[in-house]
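This is what each chain is made of:
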Amino acid sequence: MKKILLIMALCLPLLAQAKGKKDDTPYLKGAVPEVNGAVKFQKSFEVTGKSNEEIYQAMKGWMQKLVNGSIPAPGNYARISMDTKDTLVAKVCEWQVYKDKFLNLDRSRCRYTLAAFISGNKVTLEISSLSWYYEEDQEGNKGIIYRAEEWINDANALNKKGTKLLPRSGKFRRKTVDRSQELFEEAMDAFEQEQKPAFVPAKKIRMNIREN
């Protein structure tokens, strides 16, 4: 009996470690796309039942909310820098939080460019020019700047075999992949009418969106 209890006691830390281990499969090779050497997340979808003007207004309203919710960044960064009926470009800065516990807050200021290209009823979104201001002091100074092309791409965030995320840059990659998908989901949600469904489906069904 004592031997069994001893074995169980020895196994508990291993079980706890296995339980807390994250599945990084969605963040491995190819999760961070590169176009001509530049990190660029892209998403296209078609909007049915909406005019070009309605699509433009929905995208502008959504992007303006992101700009309005931006946090301070050096210079006049957070803004809509291009606004035409077929092209919207916004500069956004937001916190990217990796750990938030008592007396242990690990975060960075994440800056990126968000573009929406509108052609008929088709919308193409692009997230690019990603950078992070990390390990700043309490006054917001003396931080380190990392850029996506030297920090979260496959060459800099994965081990040589491409089977694991590197500890330091990996957390940035994880959060960025997740955030890009959140932004794409939010963009498509901008065309949904507010209504309470009778049930919640396993996968969100959007009446006006056709993903490409």
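Refer to the structure printed above.
Parameters at a glance
Numbers given for residues are sequential positions, taken from 1 along each chain in its written order. Note on the predicted model: pLDDT of at least 70 is required for a residue's local features to be given, and 80 or more for side-chain atom pairs to be given and counted; whole-chain, interface and lining totals, by contrast, use all residues. Where side-chain values are given, they derive from all heavy atoms of the structure, hydrogens and water being excluded. Note on aromatic pairs: the rings of Phe, Tyr and Trp (six-membered ring only in Trp) are paired at centre separations within 6.5 Å, and the planes decide the class, stacked below 30 degrees, edge-to-face beyond 60, tilted for the rest. For a ring to carry a charge above it, either NZ of a lysine or CZ of an arginine must fall within 6 Å of the ring centroid while also lying within 35 degrees of the normal to the ring plane. For helices the rule is a DSSP run of H or I covering at least 4 residues; for strands it is a run of E covering at least 2, with both sets numbered from the N terminus onward. Exposure classes here rest on a 1.4 Å probe applied to the protein chains alone. A residue is buried below 20% of its type maximum, exposed above 50%, and partly exposed in between. We call two N or O atoms a polar contact when they sit within 3.5 Å, provided that within protein one can donate a hydrogen and the other can accept it, with sequence-adjacent residues counted only if both atoms are side-chain atoms. Any carboxyl oxygen of Asp or Glu within 4 Å of a side-chain nitrogen of Lys or Arg constitutes a salt bridge here.

Draft legend 1. Here's a closer look at the packing of aromatic side chains. Counted according to the given criterion, the structure contains eight aromatic pairs. Taking the ring centre of Tyr 77 as reference, the NZ or CZ of Arg 111 above it sits at 4.8 Å.

Draft legend 2. Up close: the side chain of Glu 94. Here Glu 94 shows up in strand S5 (residues 87–101). For Glu 94, a relative accessible area of 15% puts it in the buried group. Engagement of the side chain of Glu 94 in a polar contact is seen with the side chain of Arg 179, the distance being 2.7 Å.

Draft legend 3. Quick look at the pattern of salt bridges. Enumeration according to the criterion identifies 13 salt bridges in this entry. The partner of Glu 46 in a salt bridge is Arg 210, with the nearest N and O atoms 2.5 Å apart. In this pair, Glu 46 sits in strand S3 (residues 41–47) while Arg 210 sits in strand S9 (residues 209–211), placing the two residues 164 residues apart along the sequence. Residues Lys 85 and Glu 53 are paired through a salt bridge, measuring 2.9 Å at the closest nitrogen-oxygen approach. Here Glu 53 lies in helix H2 (residues 52–68) and Lys 85 lies in the loop between strand S4 (79–83) and S5, a separation of 32 residues in the sequence. Taking relative accessible area as the criterion, Lys 85 reaches 42% and is therefore assigned partly exposed. The structure contains a network of salt bridges with shared partners spanning Glu 94, Arg 179, Glu 182 and Glu 186.

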